[in-house]
Protein chains: 4
Amino acid sequence: MKTDLDLQKYNVRTDLALEAKEQAEGLSGGIIPGVHSETTEVDGVKTTALHIQNEQGSQAIGKMIGQYVTIEVPGLRNGDTMLQDRVATEFAKHFESFLQRLSISKTARVLIVGLGNWNVTPDALGPLVVENVMVTRHFFELMPDQVAPGYRPVSAVAPGVLGTTGIESSEIVQGIVDRSKPDLVIAIDALASRSLERVNTTIQIADIGIHPGSGIGNKRKGLTCEILGVPVIAIGVPTVVYASTIVNNTFDLMRSHMEAQKGDNNKIFGLLNEMEEHERLLLVKEVLSPIGHDLLVTPKEVDQFIEDIANIIASGLNASLHEAVDTDNVAAYTH
Amino acid sequence: MKTDLDLQKYNVRTDLALEAKEQAEGLSGGIIPGVHSETTEVDGVKTTALHIQNEQGSQAIGKMIGQYVTIEVPGLRNGDTMLQDRVATEFAKHFESFLQRLSISKTARVLIVGLGNWNVTPDALGPLVVENVMVTRHFFELMPDQVAPGYRPVSAVAPGVLGTTGIESSEIVQGIVDRSKPDLVIAIDALASRSLERVNTTIQIADIGIHPGSGIGNKRKGLTCEILGVPVIAIGVPTVVYASTIVNNTFDLMRSHMEAQKGDNNKIFGLLNEMEEHERLLLVKEVLSPIGHDLLVTPKEVDQFIEDIANIIASGLNASLHEAVDTDNVAAYTH
Amino acid sequence: MKTDLDLQKYNVRTDLALEAKEQAEGLSGGIIPGVHSETTEVDGVKTTALHIQNEQGSQAIGKMIGQYVTIEVPGLRNGDTMLQDRVATEFAKHFESFLQRLSISKTARVLIVGLGNWNVTPDALGPLVVENVMVTRHFFELMPDQVAPGYRPVSAVAPGVLGTTGIESSEIVQGIVDRSKPDLVIAIDALASRSLERVNTTIQIADIGIHPGSGIGNKRKGLTCEILGVPVIAIGVPTVVYASTIVNNTFDLMRSHMEAQKGDNNKIFGLLNEMEEHERLLLVKEVLSPIGHDLLVTPKEVDQFIEDIANIIASGLNASLHEAVDTDNVAAYTH
Amino acid sequence: MKTDLDLQKYNVRTDLALEAKEQAEGLSGGIIPGVHSETTEVDGVKTTALHIQNEQGSQAIGKMIGQYVTIEVPGLRNGDTMLQDRVATEFAKHFESFLQRLSISKTARVLIVGLGNWNVTPDALGPLVVENVMVTRHFFELMPDQVAPGYRPVSAVAPGVLGTTGIESSEIVQGIVDRSKPDLVIAIDALASRSLERVNTTIQIADIGIHPGSGIGNKRKGLTCEILGVPVIAIGVPTVVYASTIVNNTFDLMRSHMEAQKGDNNKIFGLLNEMEEHERLLLVKEVLSPIGHDLLVTPKEVDQFIEDIANIIASGLNASLHEAVDTDNVAAYTH
């Protein structure tokens, strides 16, 4: 039913596979077949490698089959530069393992795509990373003899958003890929999470590319290996929570609160259960009218958080992509 | 009790006097003594002149004694340039009546202060207006003989925010006022409203200046006639709703929804009433943890809305402040 | 000889066909076969239509065969908004005649390309125009039934510069043209002139597209009908003079100064003539070492000039491209 | 004579004391009484400590009595991050010696002032440094108990330029100093040099503050200890050469070229000497008309150079001002 499809926009939404898995586990009460995950934590940096192995796992958690790595660093909002350096190194390490798994050689050509809108702070992550990565492709084209060893050809573009260019960003990227013929595309995008804790503290790397509907912007077409003809590694950071997620969380909290207090009152327990999903989403929609489902919730200090995390990603990419750039102190290689 | 004071940050909050009045009327069930208002509506532009006449009125609605004009234009989010021109003209007309009421002469010197943070889109209203107004003071200082008639000395500054400068914006403005000696300060700030409808569709003009705690930023000191020694007209546009307002709205909607459906069930009715304000705010706090009370809710297209409304205000100010600038077509006078 | 080719970078350079013609006339002492021009002047707006009719004319002045219109407005640096509106209208009128000559229908799809570097003020003209034009293509794609009559599909991109993206801007544009299939490309670029008078006061429209080496940036490939497969109208504004032009001008002035004063002294006259072009360019190179030939001369107030002229072009384009936008007051249609 | 005063704007101009000394030495043919200097060079970083000891020295080279340190790094335009780190450390070391000479204690309060215009790339140095330094004053004001040891209160403002605010930047800074009461002001400004080699490769530190007429902008009042009541350390980087300097250089080169070639021809030697300074400046003025004396010459890649050098200065300041920030790796402490 079309109405219910539209109403799903008012449901809890997340672009993080890790959160989707947690949510599915909460509902099913346990292990999800076809999904494998491992978590390690060192000094405030928690890394989860998640493998959605088959269609069953994909269906269960609503994300594509593939490899996902999620780096969670609650302390990242404190502006601690030592911690930022450690996260950049951790990110670079995991990103290199993606390169290896995809058999990307040390000289393979890379196009970095920064999705999102420069002019909306929480959506500016992609363009900010693009501004900070080392771009080398033109040296290889114009003076191949003079490029020092340990570098590869890297190009970088920020294709803008549909409302500003009038063209789907995926169409622009396809055109640029056709012409510049990279061997790998790295797509960076701002995401939505379902939990405020993860906003601006989490980086997700995935080998599945960008799919329609993911990220903050209105992507209607994806950036995937099928579409572009080359592998696509997606890097995302949740920078917002949708307002609809907050409203749904409020309903849930109110329900559990009343259940806790009046657990013996079956009447109320029944009443609350009676409120079906359809009905709940109608209420969410009512709260959020008239502006609708696309309201973003963001912390006031979003500008600083985004800048810090864009630097981390740019530093990590520079170190992963160029052998001559040192992973021990990657932060110094960006401007 | 300190805790309850802190919890008030998790309550519904609004910087619009009009909304505070509506809220007070909702609670009291009718007219508020000491508060007078008149509303007119012409072709989609609704203007309310609100006069808080005395301490009683001020207490009742929680806003300062003074004159407030609120211009509401729901169509403003559609990018209709004809409508924008009409709103600029309407704004200029009302702003001029503030100048007259404050006996500001046609040659009086004016300082325009754009409060807020350049780098956070919904907080960039003030700096954007400052960038677009005509600045003339230096011509009067450097070549007074050559200034055409019909202009006055206007200066404009964007003092930044505490987190970026380390200094309260009010201290910076005081220092600039001391040195440049304007006869009037106009302070522009991004506000929070309690209703999503009013976000980026509403302009408030008030003769009360800027008070601590108002606006999106962390103002801890005000910009008022008492502090600066000259009259201060405040211009504000709600560009966000606080996430706490959305959560409170959700609780209210859920309550009324359950009451409507189960109105005969006294048990539940009682249960819902039992949830006291203190308890409710604790739940709001729980929903919004760990980032806290300062989460902003903003539409995704905030950049375009803010730019449009900053142009309207700059155009209106240029026409109001300089006789030589024509109110019939104010839009052309900004860049 | 390679050396002499390189030395030409140190010669007087202009991207304006009008200046190239003036220069050729100065050398030849009169009319240039194959080049036709007509000038009109109304209230401080001087318009020259220049037609390079054949290969002979093209060789003589060193510009491509085609139609050029140059609008010169010395008063444009004064910030006079009435004059700006008149120039926008004049620009729109001439631009429409280009559309007619190229048989571009009222519904033909247009891609606007803003060449240049956002982060270097005199090179930011193209991106600034792109930011200010009305973009409509996505409405035609997503909701064709709801687009009001009088509009056409317009898209707009700023492809960045080689040093930032690692990819030639012409390659990026080719890719976008392949995918989005416009019927016409409009390319906007910042130019170099040979005279300071024309900096930020002149607009050139030409039907020849963008050729390698033109404009401030390092374009190595062009944007032409041959390359893109659709007509390309180029719009350019000189925003700089090359430092080498200034140095050459200085040599010329010194020579004519000495000749004027000591015209009877044949010895000196001979000496000055003896300084051949090759020798002169070596001196220019010496003056400009070590940074080389790419030094830009720009007025300090370049930011305001560029912003004004970008608004004029955006307003004029909006009026020319969309019948529903009124040429009588085009300035109001941009943000 | 007024005319000659005005003509001086068309002469060679430099804001670097080192260049003024070199020029004076060239004219006098040797040592300048009252001026002492020492130069050291290590691995491509050349540092000159210049002491103008008395009025005689000040008159001779046209700069104020005081201490100047100039760090010259020709390789700085190559984007070498290792070299940038070394320069930041060198800068920090010299800056600390200024703090010691002025007896600025480790807890003294500091205000950093970034002069110049955000929107004009070569004039944006000051605002860029301000954006990158650590600001801590508000923590000391709001939560003094929680500030870690090893930090001092630092605030930072970018007061804008006269053409944008209508107020002299020195008036704005005076007002802010009056209110925020720092013990030291550090003023950062973009300068003009007389040599292209030094553009974007040189940093000058001086204990004399900012004087009218220095820097790229139109400062008409200074920022000095006399005016502000606290010591002022000025940090400057030449980011442009004035066009008038280039033209004068061209005249000089032509003269020496002709003398070299025709040294035996007394007639010409005489002729060239006859061209007096007044006459020469009139010719310079003629070359630069109609835009006048304020034309800036800047390399095309100015944006990247400025960003790199702003990071170096911000890193160096962070390390010098806060004991807890390490001079061994200062680059990591800025964002």
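Residues numbered from 1 in each chain as written. Chains lettered and ligands numbered in written order. Predicted model: local features only at pLDDT ≥ 70, side-chain atom pairs only at ≥ 80, totals over all residues. Heavy atoms only, no water.

In this section: helix α5 (residues 125-132) of chain C. Counting buried positions along α5(C) yields seven of eight residues, so the element is predominantly enclosed. On its buried side, α5(C) packs onto β4 (110-114), β5 (154-157), β6 (184-193), β8 (232-242) and α13 (302-321) of chain C. (Buried < 20%, exposed > 50% of the residue type's maximum accessible area, 1.4 Å probe, protein only. Helix = DSSP H or I, 4+ residues; strand = E, 2+ residues; numbered from the N terminus. Contact = heavy atoms within 4.5 Å.)

What follows deals with the interface of chain B and chain D. Chain B puts 25 residues into the contact, and the matching count from chain D is 25 residues. Where chain B abuts chain D, roughly 2,100 Å² becomes buried across the two surfaces, and 56% of that area is made up of carbon and sulfur atoms. The salt bridge involving Asp178(D) is made with Arg179(B); its shortest N-O contact spans 2.9 Å. Summed over the shared surface of chain B and chain D, the number is eight residue pairs in polar contact (both at pLDDT 80 or more). In terms of residues, the side of chain B that touches chain D owes the most to one element, helix α8 (residues 169-180) of chain B, which gives eight residues. Of the residues contributing to the side of chain B that touches chain D, the split by class is nine nonpolar, ten polar and six charged. (Buried area = accessible area lost by both parts, 1.4 Å probe. Salt bridge = Lys/Arg side-chain N within 4 Å of Asp/Glu carboxyl O. Polar contact = N/O pair within 3.5 Å; in protein donor to acceptor, adjacent residues only side chain to side chain. Nonpolar A, V, L, I, M, F, W, Y, C, P; charged D, E, K, R; others polar.)

A few words on the relation of the copies chain B and chain D. The transformation that overlays chain B on chain D combines an axial shift of 0.0 Å with a rotation of 180°, and the residual RMSD is 0.1 Å. Taken together, the rotation and translation relating the two chain copies correspond to the operation of a two-fold axis. Taking the C-alpha atom as reference, chain B places Gly175(B) closest to the rotation axis, 1.8 Å from it. The fraction of interface residues of chain B whose copies in chain D are also interface residues reaches 100%, indicating that both copies meet through the same surface. (Least-squares fit on C-alpha atoms with pLDDT ≥ 70 in both.)

The next point concerns the environment of Pro212(B). Residues and elements named next belong to chain B. Position of Pro212 among the secondary structure elements: in the loop between β7 (202-206) and α9 (225-228). A sequence separation of 113 residues divides Pro212 from Val325, and the C-alpha atoms of the two residues are 34 Å apart. Among residues more than four places away in sequence, those in contact with Pro212 are Lys219, Arg220, Lys221 and Gly222.

Summed over the entire model, instances satisfying the criterion amount to 40 salt bridges over all chains. Between Glu90(B) and Lys93(B) there is a salt bridge, with the nearest N and O atoms lying 3.5 Å from each other. Of this pair, Glu90(B) and Lys93(B) are both found in helix α4 (residues 81-101), three residues apart, which corresponds to roughly one turn of the helix. One salt bridge connects Arg198(C) with Glu22(C), and the closest N-O pair in it is separated by 2.7 Å. Of this pair, Arg198(C) sits in the loop between β6 and β7 (202-206) while Glu22(C) sits in helix α2 (residues 17-28); the two residues are 176 residues apart in sequence, bridging distant segments of the chain. A single salt-bridge network, built from bridges that share partners, covers Glu19(A), Glu22(A), Glu72(A) and Arg198(A).

A few words on the environment of Lys46(A). Residues and elements named next belong to chain A. Tracing the sequence through the fold places Lys46 in strand β2 (residues 45-52). On the basis of relative accessible area, Lys46 is assigned to the partly exposed category, the value being 31%. Along the primary structure Lys46 and Asp145 are separated by 99 residues, whereas in three dimensions their C-alpha atoms are 43 Å apart. If near-sequence neighbours (up to four positions away) are discounted, Lys46 is found in contact with Thr39, Thr40, Glu41, Thr70, Ile71 and Glu72.

Here we come to the confidence of the model for chain A. All names here are of chain A. On average, residues of chain A score 88 in pLDDT, and 91% of them are at 70 or above. In this model residues 329-335 is a low-confidence stretch, pLDDT under 50, and it forms 27 contacts with partners more than four residues away in sequence or in other chains. Interface confidence for the predicted complex, given as ipTM, is 0.91, next to a pTM of 0.92. (pLDDT = per-residue confidence, 0-100.)

Residues and elements named next belong to chain C. The buried fraction of β8 is high, at eleven of eleven residues. Bridge analysis of β6 against β8 gives nine bridges, and the strand direction is parallel. Looking at β8, one finds that Ser193 is bridged to Val241. Pairing of β7 with β8 involves three bridges; the strand directions are antiparallel. Bridged to Ile205 within β8 is Ile235. (Pairing = 2+ DSSP bridges.)

Within the secondary structure, Asp303(D) is located in helix α13 (residues 302-321). At 11 Å, Lys300(D) is the nearest oppositely charged side chain to Asp303(D), a buried residue that forms no salt bridge. Within the local environment of Asp303(D), its side chain forms a polar contact with the side chain of Asn117(C), the two groups lying 3.4 Å apart. Setting aside chain neighbours within four positions, we find Asp303(D) in contact with Asn117(C), Asn119(C), Val120(C) and Thr121(D). (Lys, Arg positive; Asp, Glu negative; His and termini not counted.)

Bringing helix α5 (residues 125-132) of chain A into the picture now. When we look at burial in α5(A), the residues that qualify are Leu125(A), Gly126(A), Pro127(A), Leu128(A), Val129(A), Val130(A) and Asn132(A). If you follow the buried residues of α5(A), they end up packed against β4 (110-114), β5 (154-157), β6 (184-193), β8 (232-242) and α13 (302-321) of chain A.

Burial analysis of strand β9 (residues 295-299) of chain D places five of its five residues in the buried class, which makes it a mostly covered element. A two-sided burial pattern is seen for β9(D), the buried positions comprising Leu295(D), Val297(D) and Pro299(D) on one face and Leu296(D) and Thr298(D) on the other. Direction of pairing for strand β9 (residues 295-299) of chain C relative to β9(D): antiparallel, over a ladder of five bridges. Bridge assignment links Pro299(C) to a residue of β9(D), and that residue is Leu295(D). Where strand β8 (residues 232-242) of chain D lies against β9(D), two bridges are found, and the strand directions are antiparallel. Residue pairing across strands places Tyr242(D) opposite Leu296(D), the latter belonging to β9(D).

Here the focus is the packing of helix α4 (residues 81-101) of chain A against α13(A). Residue and element names in this part refer to chain A. In the contact formed by α4 and α13, the axes pass within 8 Å of each other and the chain directions differ by 45°. With respect to α13, the axis of α4 lies oblique. Between α4 and α13 the crossing geometry is right-handed. When α4 is examined against α13, the residues Gln84, Val87, Ala88, Phe91, Ala92, Phe95, Glu96 and Leu99 are found in contact with a partner set consisting of Asp308, Ile312, Ile313, Ser315, Gly316, Leu317, Ala319, Ser320 and Leu321. Taken together, the residues of the contact of α4 with α13 sort by class into eleven nonpolar, four polar and two charged. (Axes fitted to C-alpha atoms, helices over the stretch in contact; angles between N-to-C directions. Parallel < 35°, antiparallel > 145°, perpendicular 65-115°, else oblique. Left-handed = near helix turned anticlockwise from the far one by under 90°.)

Residue and element names in this part refer to chain B. Under the criterion given, the structure shown has four aromatic pairs over all chains. Arranged with centres 5.8 Å apart and planes meeting at 25°, the rings of Phe91 and Phe95 form a pair that is stacked. Taken together, the residues Phe91 and Phe95, both in helix α4 and four residues apart, mark about one turn of the helix. On the basis of relative accessible area, Phe95 is assigned to the buried category, the value being 0%. (Phe/Tyr/Trp six-rings, centres within 6.5 Å; stacked < 30°, edge-to-face > 60°.)

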